[in-house]
Amino acid sequence: MGGPVSRGRAIIIGIAVVAITVAVYKAYKAGWVDPGRQRFAQLEPKLETLSAGNSDNAIVFVHGLDGEPVGTFTADGARSWPALLQSDKRPFAGTTPPLSDWAIYAVDYRRVYASDNNINEGARQIGGLLRSSGILARHNHIWFVTHILGGLLVKRMLLIFNSERRDLALSRIAGIFFFGVPAGGSELAALAEDERAQALLTIIGRNYRMITDLQPDKASAFLGSLEEDWNDFLRARAKTHIDSPPYAHCAYETDKAYMFAKVVEKLCSQMCRDENSMPMSGTHMSIVKPRSIESPQPYGWVRDALAADDARLRRWPWINKTPGAEPLGGMVGQYQKDHREGPDDFGLLRVPVQVGYRDRESEATAEHLLLAPHFYMGSTVADLIRDVGEHND
């Protein structure tokens, strides 16, 4: 026979069981509980076009683990970050077009992380997605805005491009914004090491392979190697020219998530090439949810960085010519030859547009026209021709 204490304990346990059952049922109805991991089974990885834009610049949003292509970047009761960009008609100084003219995309890779892919396999799939979508052929200046796992996948994807000598593909990547992207594992992911936590994650369908990749003790070797390779990659790019892209910008949260842990501490966030990581007031999820175009963080910080990056691209001599070595006609002739050589296996041309003359008189003049003394630069032929026009009558 049980005494009052035993009966009281039984009542408390019964109430707890009922409460947990109700909570799990509500979560299931909301789509958060997915024991068979089926909710993303029908979602093909894709690149969503949110705005086609009318400039050569593009921004690609890449959500994090258990995130959504647009929902991750949307604050409650506010427009999404991509929608804010489309409404931002404020002019920049110089030749940078307003953000409302930029093309906006979002990667949906939920099926990738909900399967048994590791980070390397996920990165290859996203790289293939970008290749097949044609975005690298449509835009010469592309920035990524990434959140935690999305940043790791983009980082690894670019390292794969580099190892495979995809120079033209890399030349299209202007910059990456890393929000809460770990370099030493995630404190929150470490909680999944507990056997009870693992059982719960399995029951609700969140025991993803990529969570294991983010646990600090298991991730230290992989993420340490990834970070070392990434820093070597950035240093090698910088040796060719101080303004060579991609430009890396990093931010981390200052507030705890879920009342008990920060997902990414400052010491676990990756180092950036040209600047210190930016602390963002907010939790891991809120730091990528601006409420308006007037929000200083993260919107204003990213907007200022985009303008600075765009200006730096004009100084990058990926395509350059030294004045006096040949007339203007020789420069144009080389670009015409490069254009005729055809695309690489990514479908990319070193000179994607045909450069021609207005008439035969202009062509005859160009054959003998030496340019003014200046080191002409640009990340695209259009950039270079613009630079030529600015320094010659």
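The structure under discussion appears in the preceding block.
Cut-off values and rules
- Residues numbered from 1 in each chain as written.
- Predicted model: local features only at pLDDT ≥ 70, side-chain atom pairs only at ≥ 80, totals over all residues.
- Heavy atoms only, no water.
- Helix = DSSP H or I, 4+ residues; strand = E, 2+ residues; numbered from the N terminus.
- Contact = heavy atoms within 4.5 Å.
- Areas by Shrake-Rupley, 256 points an atom, 1.4 Å probe, with all protein chains shown as cover.
- Buried < 20%, exposed > 50% of the residue type's maximum accessible area, 1.4 Å probe, protein only.
- Pairing = 2+ DSSP bridges.
- Expected span 1.5 Å × (residues − 1).
- 1 Å grid on protein atoms, 1.4 Å probe; cavity = no way out; pocket = protein on both sides within 12 Å on 5 of 7 lines; lining within 4 Å.
- Points joined across faces, edges and corners; volume = space filled by probe spheres on them.
- Axes fitted to C-alpha atoms, helices over the stretch in contact; angles between N-to-C directions.
- Phe/Tyr/Trp six-rings, centres within 6.5 Å; stacked < 30°, edge-to-face > 60°.
- Lys NZ or Arg CZ within 6 Å of the ring centre and 35° of its normal.

Observations concerning the overall build of the protein chain
- Of regular secondary structure, the protein chain possesses 15 helices and seven strands.
- If you take every contact in the protein chain between residues at least 6 apart in sequence, the share linking residues at least 24 apart comes to 78%.
- Only carbon and sulfur atoms are counted for the fraction: they give 55% of the accessible area of the protein chain, which is about 18900 Å².

Description of the pairing of strand 5 (residues 173–179)
- Burial within strand 5 is extensive, with seven of its seven residues counted as buried.
- Taken together, the six bridges between strand 4 (residues 141–147) and strand 5 define a ladder with parallel strand orientation. Looking at the pairing, T146 lines up with F178 of strand 5.
- Looking at chain direction, strand 5 and strand 6 (residues 247–253) are connected through five bridges and run parallel. Residue G175 lies in a different strand from strand 6, and its bridge partner there is Y247.

Concerning helix 12 (residues 296–313)
- The first and last C-alpha atoms of helix 12 sit 24 Å apart over 18 residues, in line with the 26 Å expected at 1.5 Å per residue.
- On its buried side, helix 12 packs onto strand 2 (57–62), helix 2 (81–87), strand 4, strand 5, strand 6 and strand 7 (278–280).

Looking at the side chain of N57
- With respect to the secondary-structure elements, N57 resides in strand 2.
- With a relative accessible area of 2%, N57 lands in the buried category.
- Residues contacting N57, with those up to four places away along its chain left out, are P97, W102, A103, H139, H141, W143 and D310.

Considering the layout of surface pockets
- As a volume, the second largest pocket reaches approximately 260 Å³.
- Around the second largest pocket, the lining is made up of 12 residues, and of these L328, L369, I385, V388 and G389 lie nearest the centre.
- Counting residues per element, the ones that place at least two in the lining of the second largest pocket are helix 13 (328–340) and helix 15 (381–390).
- Tallying contributions element by element places helix 15 first for the lining of the second largest pocket, with three residues.

Some words on the sheet that holds strand 6
- The strand order across the open sheet built from seven strands is 1-3-2-4-5-6-7, with neighbouring strands paired in mixed fashion. Looking at which strands have only one partner, the edges of the open sheet turn out to be strand 1 (46–51) and strand 7. Neighbour-to-neighbour, the strand axes of the sheet open up by a mean angle of 20°, direction not taken into account.
- Where strand 2 meets strand 3 (residues 103–108), five bridges bridge the pair, whose relative direction is parallel. Paired with I59 across the bridge in strand 3 is I104.
- Relative to the sheet, helix 6 (residues 149–163) contacts strand 2, strand 4 and strand 5, its axis offset from that of strand 4 by approximately 140°.

Concerning the environment of E294
- The topology assignment puts E294 in the loop between strand 7 and helix 12.
- Note: C-alpha distance between E294 and L84 (210 residues apart in sequence) is 9.9 Å.

Comments concerning the packing of aromatic side chains
- Counting across every chain of the model gives nine aromatic pairs.
- Ring centres 5.8 Å apart and planes at 75° place the aromatic pair W81 and F179 in the edge-to-face group. Residue W81 is located in helix 2, and its partner F179 is located in strand 5; the two are separated by 98 residues in the primary sequence. Like F179, W81 is buried.
- Centroid distance W230 to F233: 5.5 Å. Interplanar angle 40°. Geometry classified as tilted. Linking W230 with F233, this pair stays in helix 11 (residues 216–240), spanning three residues, or about one helical turn.
- For W230, a relative accessible area of 0% gives the class buried.
- Here a set of aromatic residues connected by ring pairs shows up, and it is made of F61, F73, W81, F177, F179 and W301.
- Against the face of F178 rests K155, its NZ or CZ located 5.1 Å from the ring centre.

Bear in mind that shape data such as this cannot, by itself, settle questions of function.
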